[in-house]
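A structural walkthrough
Below, each chain spelled out in residue letters.
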Amino acid sequence: MKIISWNVNSVRARITNILEYISQTKPDILLLQEIKTQDENFPYEEFERIGYISHVYGQKSYNGVAIISKINIKNIEKDFIKDDLKQSRIIAGEIQLKKKKIELINIYVPNGNPIDTNKYDYKKSWLKKFISNIKKKLSKNPNLVIAGDFNIIPEEIDVHDFKRYENDALGKLEIRKKFRELLNLGFSDVYRLKYKNKQEYTFWDYFAGSWQKNNGMRIDHFLLSNNLLENIESISINKKPRSKIKPSDHTPIELEIN
C-alpha cells in the first residue's frame, strides 16, 4: 500500500500537477495539506474520474486538509482537537491492513512565525492539544500513522542553514522538543529511521533561488507508531513535482507499507 503526504499549496492551482503525479505514482492514499479551498469548491470530480474518493476538511483561502483514496476509509474525523482559531488543520480516518486497524492522521501544523506574536502562541497551544489527544488515541489503538506538514525542523541535518532557523518558529528548541515529545510516546520518524545521515528536503521557498540552490528544509514527516514499523517497505522524498511549472513549494513524501 502506497500512502503519500503532500502540502500542495492550493489544490485548485496545482490540480494539473497533482493529477499528473497520481498517474505516474498510483498512490492508494494521498494525504493533502494546505488545500486552500472550502469543501464545496474542492475538485471532487477530477479525482472521481480517476478512481479516487475525496474526504475534505476545507477552509476559504487558507489551510485545509484532505484524504484522497482508492481504498475504503472509515470513521472520518474532523474535530480531532478543539482549535482555538477554528482552522481546518486535521483530518483523520481508519483503514484496515490485514488484521490491523490503522488510524491515519493528516495534519497541517501552524507555521508560528513571527515568534513575538500570537501566531507563535497558537502553534504552541495547538501542538500541546494535539500531543494530548494523540496520547488518548494510543490508549485505544496502538496503530497510528501521523503524516503531513509539521512545520518543524527536527534536527540540524534537516535544514540547509541551521543557524538561520535557530530562532525561527520552525527550528526553535522548544518546538523541536514538541516533536521529540511526540516520538517519545512511541513513534518513529520513518525517514530518519531509514536514512540516519541523509540530508534531503521536502520544502524549498519560492524566493532567493532556494530550489536552484537546494536551500531547503525537511518539515514534512511520516510518524508511525512503533507497532507498525514491521510493516514499512520503503520511504522516499520525490523531488520531481517541485521542478514542475507552477509547483507547490513542498514536494511529496512516499511511504509504502505491506
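On a predicted model such as this, the values are computed, not experimentally measured, just so you know. (Residues numbered from 1 in each chain as written. Predicted model: local features only at pLDDT ≥ 70, side-chain atom pairs only at ≥ 80, totals over all residues. Heavy atoms only, no water.)

**Focus on the sheet that holds strand S12 (residues 220-225)**
Strand order in the open sheet formed by 6 strands is S5-S6-S7-S8-S12-S9, and the pairing between neighbours is mixed. Pairing within the sheet leaves two strands with one partner each, and these edge strands are strand S5 (74-77) and strand S9 (187-189). If you compare each strand with its neighbour and ignore which way they point, the axes differ by 20 degrees on average. Where strand S6 (residues 90-97) and strand S7 (residues 100-108) come together, 8 bridges link them in antiparallel fashion. (Pairing = 2+ DSSP bridges. Helix = DSSP H or I, 4+ residues; strand = E, 2+ residues; numbered from the N terminus. Axes fitted to C-alpha atoms, helices over the stretch in contact; angles between N-to-C directions.)

**Describing the nonpolar core**
Core analysis: the biggest nonpolar cluster contains 26 residues, and Ile105, Ile107, Trp126, Phe130, Ile134, Ile146 and Phe150 have the highest contact counts within it. Non-local contacts of Trp126, meaning those with residues more than four positions away in its chain, are made with Ile81, Asp83, Arg89, Ile90, Ile107, Tyr108, Val109 and Pro110. One finds Ile3, Ile29, Ile232 and Ile257 within the second-largest nonpolar core, a separate group that totals 25 residues. (Core = buried A, V, L, I, M, F, W, Y, C linked by side-chain atoms within 4.5 Å. Buried < 20%, exposed > 50% of the residue type's maximum accessible area, 1.4 Å probe, protein only. Contact = heavy atoms within 4.5 Å.)

**Overview of the packing of aromatic side chains**
Counting across every chain of the model gives 8 aromatic pairs. Where Phe42 meets Phe47, the ring centres are 5.7 Å apart and the plane angle is 25 degrees; that geometry is what we call stacked. Phe42 sits in the buried class, given a relative accessible area of 5%. On the basis of relative accessible area, Phe47 is assigned to the buried category, the value being 0%. Taking the centre distance of 4.8 Å and the plane angle of 90 degrees together, the rings of Trp204 and Trp211 count as edge-to-face. For Trp211, a relative accessible area of 22% corresponds to the partly exposed category. (Phe/Tyr/Trp six-rings, centres within 6.5 Å; stacked < 30°, edge-to-face > 60°.)

**Looking at the side chain of Asp220**
Along the chain, the position of Asp220 falls in strand S12. For Asp220, which is buried and forms no salt bridge, the nearest opposite charge comes from Arg218, at a distance of 8.9 Å. Dropping the residues within four chain positions of it, Asp220 is found in contact with Asn7, Gln33, Gly148, Asp149, Thr202, Phe203, His250 and Ile253. (Lys, Arg positive; Asp, Glu negative; His and termini not counted. Salt bridge = Lys/Arg side-chain N within 4 Å of Asp/Glu carboxyl O.)

**A closer look at helix H5 (residues 173-184)**
Two residues of an α-helix separated by three or four positions point the same way, owing to the 3.6 residues in each turn. Taking 1.5 Å of rise per residue, 12 residues should cover 16 Å, and H5 covers 16 Å from first to last C-alpha, within 8% of that figure. Taken together, the buried residues of H5 touch helix H3 (118-140), strand S8 (144-149), helix H4 (162-165), S9 and S12. Looking one or two residues past H5, Gly186 carries a phi angle of roughly 120 degrees, positive in sign. (Expected span 1.5 Å × (residues − 1).)

**Quick look at the sheet that holds strand S3 (residues 53-57)**
Paired through their backbone hydrogen bonds, the strands of a sheet run either parallel or antiparallel. The strand order across the open sheet built from 6 strands is S3-S4-S2-S1-S14-S13, with neighbouring strands paired in mixed fashion. Each edge of the open sheet carries a strand with a single partner, namely S3 and strand S13 (232-237). Taken pair by pair, the neighbouring strands of this sheet meet at an average axis angle of 15 degrees, ignoring direction. Bridging between S13 and strand S14 (residues 253-257) involves 5 bridges; their strand directions are antiparallel. Looking across to S14, one finds that Ser234 is bridged to Glu256. Contacts from helix H1 (residues 15-25) reach strand S1 (2-7), strand S2 (29-33) and S14 within the one sheet, and its direction differs from that of S1 by about 160 degrees.

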